[in-house]
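# An overview of the molecular structure
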Amino acid sequence: DAGITQSPRHKVTETGTPVTLRCHQTENHRYMYWYRQDPGHGLRLIHYSYGVKDTDKGEVSDGYSVSRSKTEDFLLTLESATSSQTSVYFCAIRGEWGTGPLNTEAFFGQGTRLTVV
Amino acid sequence: AQTVTQSQPEMSVQEAETVTLSCTYDTSENNYYLFWYKQPPSRQMILVIRQEAYKQQNATENRFSVNFQKAAKSFSLKISDSQLGDTAMYFCAFRPSYNTDKLIFGTGTRLQVFP
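Residues numbered from 1 in each chain as written. Chains lettered and ligands numbered in written order. Predicted model: local features only at pLDDT ≥ 70, side-chain atom pairs only at ≥ 80, totals over all residues. Heavy atoms only, no water.

Further remarks concern unusual backbone geometry. What you tend to see is this: most non-glycine residues have negative phi, and most peptide bonds are trans. All names here are of chain A. Here Ser-7 and Pro-8 are connected by a cis peptide whose omega angle stands at -10°. Topologically, Pro-8 is positioned in the loop between strand 1 (4-7) and strand 2 (10-13). A positive phi angle, near 65°, is found at Lys-53, a position not held by glycine. Among the structural elements, Lys-53 can be located in the loop between strand 5 (42-51) and strand 6 (54-57). Using a relative accessible area of 67% as the deciding quantity, one classes Lys-53 as exposed. (Helix = DSSP H or I, 4+ residues; strand = E, 2+ residues; numbered from the N terminus. Buried < 20%, exposed > 50% of the residue type's maximum accessible area, 1.4 Å probe, protein only.)

Residue-level contacts link 20 residues of chain B with 30 residues of chain A. Contact between chain B and chain A buries roughly 2100 Å² in total, counting both sides, with carbon and sulfur atoms accounting for 52%. Counting the contacts that link chain B with chain A gives zero salt bridges. Residue assignment for the side of chain B that touches chain A shows that the elements contributing at least two residues are strand 5 (33-39), strand 6 (46-52) and strand 10 (88-95) of chain B. Per-element accounting of the side of chain B that touches chain A gives the leading share, four residues, to strand 5 of chain B. In terms of residue class, the side of chain B that touches chain A is made up of nine nonpolar, five polar and six charged. (Contact = heavy atoms within 4.5 Å. Buried area = accessible area lost by both parts, 1.4 Å probe. Salt bridge = Lys/Arg side-chain N within 4 Å of Asp/Glu carboxyl O. Nonpolar A, V, L, I, M, F, W, Y, C, P; charged D, E, K, R; others polar.)

All names here are of chain B. Along the chain, the position of Thr-27 falls in the loop between strand 4 (24-26) and strand 5. Its relative accessible area of 4% is what places Thr-27 among the buried residues. Separated by 3.1 Å, the side chain of Thr-27 and the backbone nitrogen of Glu-29 make a polar contact. Once residues within four sequence positions are removed from consideration, Thr-27 is found in contact with Gln-2, Tyr-32, Lys-73, Phe-94 and Pro-96. (Polar contact = N/O pair within 3.5 Å; in protein donor to acceptor, adjacent residues only side chain to side chain.)

As a further point, take the environment of Gly-51 of chain A. Residues and elements named next belong to chain A. Take Gly-51: it is sitting in strand 5. Among the residues examined, Gly-51 registers a relative accessible area of 10% and is labelled buried. Among all residues touching Gly-51, those that are not within four sequence positions of it are Arg-30 and Arg-68.

Residue and element names in this part refer to chain A. For the coordinates displayed, the defined rule picks out two disulfides over all chains. The side chain of Cys-23 participates in a disulfide bridge whose partner is Cys-91; the two sulfur atoms lie 1.9 Å from each other. Residues Cys-23 and Cys-91 are joined by a disulfide whose S-S torsion is about -75°; by sign, that bridge is left-handed. Highlighted residues: Cys-23 in strand 3 (residues 19-25) and Cys-91 in strand 9 (residues 87-94), separated in sequence by 68 residues. (Disulfide = S-S within 2.5 Å.)

Taken as a whole, this structure holds 18 aromatic pairs over all chains when the rule is applied. Ring centres of Tyr-33 of chain A and Tyr-35 of chain A lie 6.1 Å apart, and the angle between their planes is 25°; this geometry places the pair in the stacked category. Of the residues examined, Tyr-33 of chain A reaches a relative accessible area of 1% and is grouped as buried. Note on Tyr-48 of chain A and Tyr-50 of chain A: the rings are 6.3 Å apart at their centroids and 50° apart in plane angle, and the pair reads as tilted. On the basis of relative accessible area, Tyr-48 of chain A is assigned to the buried category, the value being 5%. Of the aromatic side chains, those joined through ring pairs into one cluster are Tyr-33, Tyr-35, Tyr-48, Tyr-50, Phe-90 and Phe-108 of chain A together with Tyr-33, Phe-35, Tyr-37, Phe-91 and Phe-105 of chain B. (Phe/Tyr/Trp six-rings, centres within 6.5 Å; stacked < 30°, edge-to-face > 60°.)

Everything listed here is a matter of coordinates, which is why it stays silent on function.
Structure below.
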């Protein structure tokens, strides 16, 4: 298994509270991603990072912020959680894009189920 | 916008039979990567197969193969000799060009394999 860990695995929080999800990798991969998975929508990209302190927005970035102060950690923060952010969140990592098979594959964490009540 | 479309929300197949899952995508680029991921009930995302757009030969991985039609922007997955363990959600994904770090997913197809 790829060395990628998401924490927490499950969380229930109240509307309006801040929430931070953590993605930790031991592979020293450059690229890290946060996705949310919702029925009928598949996986949608929230934010991604292509290096320490280098991040960019995905298609559903509103209401989310990220930080990457170290190669191994990529944090996703919901500043003020809303019920529409109830979802399963996946972190993914990959190495450099290239022609080798190992460089094209993204490895996923186990997911975090977040419920906002 | 660069999109991935999976038009079959659910599919079913009998054990040992063959099933094909469809995927179409939209990009104006010439070089890109395509992927199929499997998500069993455990929620783990598992790469099934990948295809480089510059390669004309269709990728195969044991019982899994793809039919890559570049002009039609179609990337279907064929599962031969279906097994009960193939029951899962299947997601088509692609990296739209060599100049982007984004990996874009379709909405998924839920496959049920019956004994």
